[in-house]
Amino acid sequence: MARLAEVFDPSKITDERAALPAGNYAAQVIESSLEITKSGTGSYIKLIWQLLGGEHSGRTIIQQITYENPNMQAVEIGQRMLKRLCDALGTGPVRDTQDLHMKPCTIVVKVRPARTDPATGKEYAEGNEISGFKAIDGVRPVVGLATPISEAQAAPTAPRIVTSGGNRPWAK
């Protein structure tokens, strides 16, 4: 047994990992990368959103948008999600995910229930997913680029893979 120097009251602590309630939140992308899927057969855009204002200001939500995949339906779903994001932010063609950073919009957040993967038995806690985007009320997005790009610049190229050095805490 160990006596604590102070009384610990868990009700006074916010659990940053607990799922947010479903709803609409003002947010902006603060970090992004293009990641390779575990299978190595595709890639996805990883966005880290930070909530702006309100009770949950400063909290972050990670979103993954399919970019390349052998399953064309998955690619089409990812493209539609990216289009909705660009529409809400008022961006034109996007060449680098950096173009999505620090541009506030409203994100539509859903609660993903806790589940167990039937194939592996791995348990996943309740979490959040972003299901849509809206321009912030009163802010009309301006579609276009800060600087025009040529057709050659807009042509598709192989994805630029951004990885962080060192071990990732979630990789085992």
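What counts and what doesn't
Residues numbered from 1 in each chain as written. Predicted model: local features only at pLDDT ≥ 70, side-chain atom pairs only at ≥ 80, totals over all residues. Heavy atoms only, no water. Helix = DSSP H or I, 4+ residues; strand = E, 2+ residues; numbered from the N terminus. Buried < 20%, exposed > 50% of the residue type's maximum accessible area, 1.4 Å probe, protein only. Contact = heavy atoms within 4.5 Å. Areas by Shrake-Rupley, 256 points an atom, 1.4 Å probe, with all protein chains shown as cover. Patch = residues over 30% accessible without salt bridge, like charges linked within 9 Å, V, L, I, M, F, W, Y side chains within 5 Å. Salt bridge = Lys/Arg side-chain N within 4 Å of Asp/Glu carboxyl O. Phe/Tyr/Trp six-rings, centres within 6.5 Å; stacked < 30°, edge-to-face > 60°. Lys NZ or Arg CZ within 6 Å of the ring centre and 35° of its normal. Core = buried A, V, L, I, M, F, W, Y, C linked by side-chain atoms within 4.5 Å. Polar contact = N/O pair within 3.5 Å; in protein donor to acceptor, adjacent residues only side chain to side chain.

Undergrad: So what's going on with the overall build of the protein? Which residues, and what values?
TA: Check the secondary structure of the protein and you find 2 helices and 7 strands. If you list the helices and strands of the protein from N to C, you get β-β-β-α-β-β-β-β-α. Burial status across the protein gives 29% buried among its 172 residues. Intrachain contacts of the protein at a sequence separation of at least 6 include 54% that bridge at least 24 residues. For the protein, the accessible area works out to roughly 12300 Å², and carbon and sulfur atoms hold 53% of it.

Undergrad: Outline a nonpolar patch on the surface, listing residues and values.
TA: On the surface, a nonpolar cluster with roughly 350 Å² of combined accessible area is contributed by Leu 4, Phe 8 and Ile 13. Relative to the helices and strands, Ile 13 is located in the segment before strand 1 (23-36).

Undergrad: Now, about the side chain of Gln 63: what can you tell me, with residues and values included?
TA: Among the structural elements, Gln 63 can be located in strand 3 (residues 60-68). Apart from the residues lying within four places of it in its own chain, the contact partners of Gln 63 are Ile 45, Lys 46, Leu 47, Trp 49, Met 81, Ile 130 and Phe 133.

Undergrad: I'd love a proper account of the packing of aromatic side chains, names of residues and values included.
TA: For any pair of aromatic rings, the description consists of the separation of the ring centres together with the inter-plane angle of the planes. Going through the model one piece at a time under the given rule, you end up with 1 aromatic pair. Taking 5.8 Å as the distance between ring centres and 25 degrees as the angle between the ring planes, the aromatic pair formed by Trp 49 and Phe 133 counts as stacked. Highlighted residues: Trp 49 in strand 2 (residues 43-51) and Phe 133 in strand 7 (residues 127-134), separated in sequence by 84 residues. Taking the relative accessible area as the measure of exposure, Trp 49 reaches 0% and is therefore buried. A cation over an aromatic ring shows up here: Arg 115 above the ring of Tyr 124, its NZ or CZ 4.4 Å from the ring centre.

Undergrad: Give me the nonpolar core: which residues, what numbers.
TA: Judged by nonpolar contacts, the single largest core of 23 residues is most densely connected at Leu 47, Trp 49, Leu 85, Cys 105, Ile 107 and Phe 133. Broken down by secondary-structure element, the contributors of at least two residues to this core are strand 1, strand 2, strand 3, helix 1 (72-89), strand 4 (105-112) and strand 7. For this core, the element with the most residues is helix 1, which contributes 6 residues. In this view, Cys 105 contacts Tyr 25, Ala 26, Ala 27, Trp 49, Leu 85, Ala 88, Leu 89, Phe 133, Lys 134 and Ile 136; residues no more than four positions away in its chain are not counted.

Undergrad: So, the environment of Thr 106: which residues are in play, and what are the values?
TA: Position of Thr 106 relative to the elements: it lies in strand 4. Along the chain, Thr 106 and Ala 135 lie 29 residues apart, while their C-alpha atoms are 6.0 Å from each other. Ignoring any residue separated from it by four or fewer positions in sequence, one finds Thr 106 in contact with Asn 24, Tyr 25, Ala 26, Gly 132, Phe 133, Lys 134, Ala 135 and Ile 136.

Undergrad: Lay out the environment of Thr 37 with the relevant residues and their values.
TA: Inspection of the secondary structure assignment puts Thr 37 in the loop between strand 1 and strand 2. Through-space distance from the C-alpha of Thr 37 to that of Thr 66 is 9.3 Å; in sequence the pair is 29 residues apart. Of the polar contacts made by the side chain of Thr 37, one reaches the backbone nitrogen of Thr 41; its length is 3.4 Å.

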